[in-house]
Amino acid sequence: HKENWKVKIRISRMWNAINSKNNDIISLDMILINEQNNAIHAILRNNIAKKFKPLLQEGKMYELSYFQVVDGNALYRPVDNDFKIMFTLKTSIKEMKEIDVDIPCHKFEFIDYNKIHERINKHM
């Protein structure tokens, strides 16, 4: 739970997480990909999202620092990673150019067709 991390990432996907009961926005969620082609779920709680959303764009690359790495949610995990990133008010975002680093735009995680039935009624 330290906050002095520093990573270079690309925002592969970005969406608003919505409360299905009242349609309120809970958070701004993202899938980030790093230089080693690892994907991680990132969350900006609604009060923090208002500060950072104008600075972020899907498909662009950034250097992030001063964020938290926490245990992933057992019920909602959009990528196969046991951890997730939580932005804080101290988080620093610096946009990077395409020539600075090579990070893919997307990452795909496939499952063997014969194992799909094992995932029925599992939320993860």
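Summarised in this report is the structure supplied together with it. Since this is a predicted model, take the numbers as computed values, not measurements.

The secondary structure content of the protein amounts to one helix and seven strands. Counting helices and strands in the order they occur from the N terminus, the protein gives β-β-β-α-β-β-β-β. Expected size for 124 residues packed as a compact globule is a radius of gyration near 14 Å; at 15 Å, the protein falls within 12% of this value. Each of the 124 residues in the protein was classed as buried or not, and the buried ones make up 35%. Within the protein, contacts between residues separated by at least 24 positions form 63% of all contacts whose residues are at least 6 apart in sequence. Carbon and sulfur atoms make up 50% of the accessible area of the protein, which totals about 8,500 Å².

For the rest of this paragraph, the subject is the sheet that holds strand β1 (residues 6–18). Pairing in this open sheet of seven strands is mixed, and the strands run β5-β6-β3-β2-β1-β4-β7 from one edge to the other. Two strands in the sheet have a free side with no partner beyond their single neighbour: β5 (68–71) and β7 (92–96). Averaged over all neighbouring strand pairs, the angle between strand axes comes to 40°, with direction disregarded.

Here the structure, examined in full by the defined rule, presents two aromatic pairs. Taken together, a centroid distance of 5.7 Å and an interplanar angle of 70° make the contact between F52 and F87 edge-to-face. In this pair, F52 sits in helix α1 (residues 46–52) while F87 sits in the loop between β6 (83–86) and β7, placing the two residues 35 residues apart along the sequence. Each member of the pair, F52 together with F87, is buried. Taking the centre distance of 6.1 Å and the plane angle of 20° together, the rings of F108 and F110 count as stacked. Taken as a pair, F108 and F110 share a single burial class, namely exposed.

Attention shifts here to unusual backbone geometry. Of note, the phi angle at N37 is positive, near 65°, even though the residue is not glycine. Summarising the element assignment, N37 is placed in the loop between β2 (25–34) and β3 (39–45). Residue class for N37 comes out partly exposed when judged on its relative accessible area of 32%.

Moving on, we come to the pairing of β2. With eight of 10 residues buried, β2 lies mostly within the body of the structure. Of the pairings in the sheet, the one linking β1 to β2 comprises nine bridges and is antiparallel in character. Following the sheet pairing, N16 is matched in β2 by L28. Connecting β1 to the next strand, β2, in antiparallel fashion are six residues, including N23 with a positive phi near 65°. Sheet topology places β2 next to β3; seven bridges connect them, and they run antiparallel. By the bridge assignment, M30 is partnered in β3 with A42. Between β2 and β3, which pair antiparallel and follow one another directly, the connecting turn spans four residues, one of which, N37, has a positive phi of 65°.

The rules behind the values
Residues numbered from 1 in each chain as written. Predicted model: local features only at pLDDT ≥ 70, side-chain atom pairs only at ≥ 80, totals over all residues. Heavy atoms only, no water. Helix = DSSP H or I, 4+ residues; strand = E, 2+ residues; numbered from the N terminus. Rg over C-alpha atoms; globule rule 2.2 N^0.38 Å. Buried < 20%, exposed > 50% of the residue type's maximum accessible area, 1.4 Å probe, protein only. Contact = heavy atoms within 4.5 Å. Areas by Shrake-Rupley, 256 points an atom, 1.4 Å probe, with all protein chains shown as cover. Pairing = 2+ DSSP bridges. Axes fitted to C-alpha atoms, helices over the stretch in contact; angles between N-to-C directions. Phe/Tyr/Trp six-rings, centres within 6.5 Å; stacked < 30°, edge-to-face > 60°.

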